[in-house]
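Next come the chains, spelled out residue by residue.
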Amino acid sequence: MTQHMKDLAEEIVRLQGDLDREIEARRKALGWRLKAQIGQFEHGITLEHRRLRLGLAKFLGGTSLAVVLTAPVIYSLIIPLVIVDAWVSAYQAICFRAYGIPRVKRRDYIAMDRGRLSYLNIIEALNCSFCAYANGLVAYVREVSSRTEQYWCPIKHALKVSDPHRRYYEFLEYGDAEGYRARLDEFRTRLRAEPVGAEPRVSEAG
């Protein structure tokens, strides 16, 4: 990784920190805080949320026929999602332990909290829970696969990759044969040394 690439990666990390602080400020403005991993609103705001909840009759009355007909297709995805969830969890439990790689904490990626919002009716809460599980699972699987890639093949592609995972930026350049032979063990050692739940860090090596 060149110095300029390293500087850009560090700038991305800094901007993420700025964004997190802005999100926290917005939380305070909306009157809620996180306590014991649960979002809690001020009492008056919770009452206002309940007032804004749409009743089932009115909600279903405004639902299009296309939504009704496609809903079973959407929710049928729960079957392959659960299978992937179980399979990937078993994979890392077996293989990561064998390789000495810290396992990914599933609970850090799948957040089932939006169903508690008072302004959502039961169908909206179910929809939100489904989306939270599906997207959280994809993020969880992506982190498991990114650690696998760093262990076995930390090489960038020749073709442009849309939205690569964060570990990708510090991978070896495509065609760097000497670097691959010389540094593969370094990538594996650095991966094994990561604290459980830690985000990938920008490498000092270039």
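Scroll up to find the structure.
Residues numbered from 1 in each chain as written. Predicted model: local features only at pLDDT ≥ 70, side-chain atom pairs only at ≥ 80, totals over all residues. Heavy atoms only, no water.

A.B. asks: Mind showing me how you'd approach the side chain of Gln 150 here?
C.D. replies: Positionally, Gln 150 belongs in helix 6 (residues 122-152). Judged by relative accessible area, Gln 150 falls into the buried class, the value being 1%. A polar side-chain atom of Gln 150 sits 3.0 Å from a polar atom in the side chain of Arg 167. (Helix = DSSP H or I, 4+ residues; strand = E, 2+ residues; numbered from the N terminus. Buried < 20%, exposed > 50% of the residue type's maximum accessible area, 1.4 Å probe, protein only. Polar contact = N/O pair within 3.5 Å; in protein donor to acceptor, adjacent residues only side chain to side chain.)

A.B. asks: I tried to follow the nonpolar core on my own but got confused; where do I start?
C.D. replies: A general feature of soluble globular proteins is that nonpolar side chains tend to end up buried together. Leu 81, Leu 137, Tyr 140 and Val 144 are the most contacted members of the largest nonpolar core, which totals 14 residues. Breaking this core down by element, the ones donating at least two residues are helix 5 (78-99) and helix 6. Looking at this core element by element, the count peaks at seven residues for helix 6. The contact partners of Tyr 140, leaving out residues within four places of it in the chain, are Asp 85, Val 88, Ser 89, Gln 92, Val 104, Arg 106 and Tyr 109. Core analysis: the second largest hydrophobic core is formed by six residues, Tyr 168, Phe 171, Tyr 180 and Leu 184 among them. (Core = buried A, V, L, I, M, F, W, Y, C linked by side-chain atoms within 4.5 Å. Contact = heavy atoms within 4.5 Å.)

A.B. asks: Is there a simple way to explain helix 7 (residues 177-192) in this structure?
C.D. replies: Residue pairs three or four apart in sequence face the same way in an α-helix, which turns once every 3.6 residues. The terminal C-alpha atoms of helix 7, which comprises 16 residues, lie 23 Å apart, in line with the 22 Å expected from a rise of 1.5 Å per residue. Along helix 7, the helix axis deviates most sharply at Arg 183, where the bend reaches about 50°. The complete set of buried residues in helix 7 reads Gly 179, Tyr 180, Arg 183, Leu 184, Phe 187, Arg 188 and Leu 191. Where helix 7 is buried, its residues meet helix 6. (Expected span 1.5 Å × (residues − 1). Bend = angle between axes of the 7 residues up to and from the residue.)

A.B. asks: Which parts of the structure should I look at to understand the packing of helix 5 against helix 6?
C.D. replies: Two quantities define a packed helix pair, namely the angle between the axes and the distance from one axis to the other. One can describe the packing of helix 5 onto helix 6 by two numbers: an axis separation of 10 Å at closest approach and a directional angle of 30°. Viewed along their axes, helix 5 and helix 6 adopt a mutual orientation that is roughly parallel. The crossing of helix 5 and helix 6 is left-handed. For the pair formed by helix 5 and helix 6, the contact residues are Ile 78, Leu 81, Val 82, Val 84, Asp 85, Val 88, Ser 89, Tyr 91, Gln 92, Phe 96 and Tyr 99 on the first element and Phe 130, Tyr 133, Ala 134, Leu 137, Tyr 140, Val 141, Val 144, Arg 147, Thr 148, Tyr 151 and Trp 152 on the second. (Axes fitted to C-alpha atoms, helices over the stretch in contact; angles between N-to-C directions. Parallel < 35°, antiparallel > 145°, perpendicular 65-115°, else oblique. Left-handed = near helix turned anticlockwise from the far one by under 90°.)

A.B. asks: What exactly am I supposed to notice about the environment of Arg 183 here?
C.D. replies: As for its placement among the helices and strands, Arg 183 is situated in helix 7. Residues Arg 183 and Leu 172, eleven residues apart in the sequence, show an inter-C-alpha distance of 8.7 Å.

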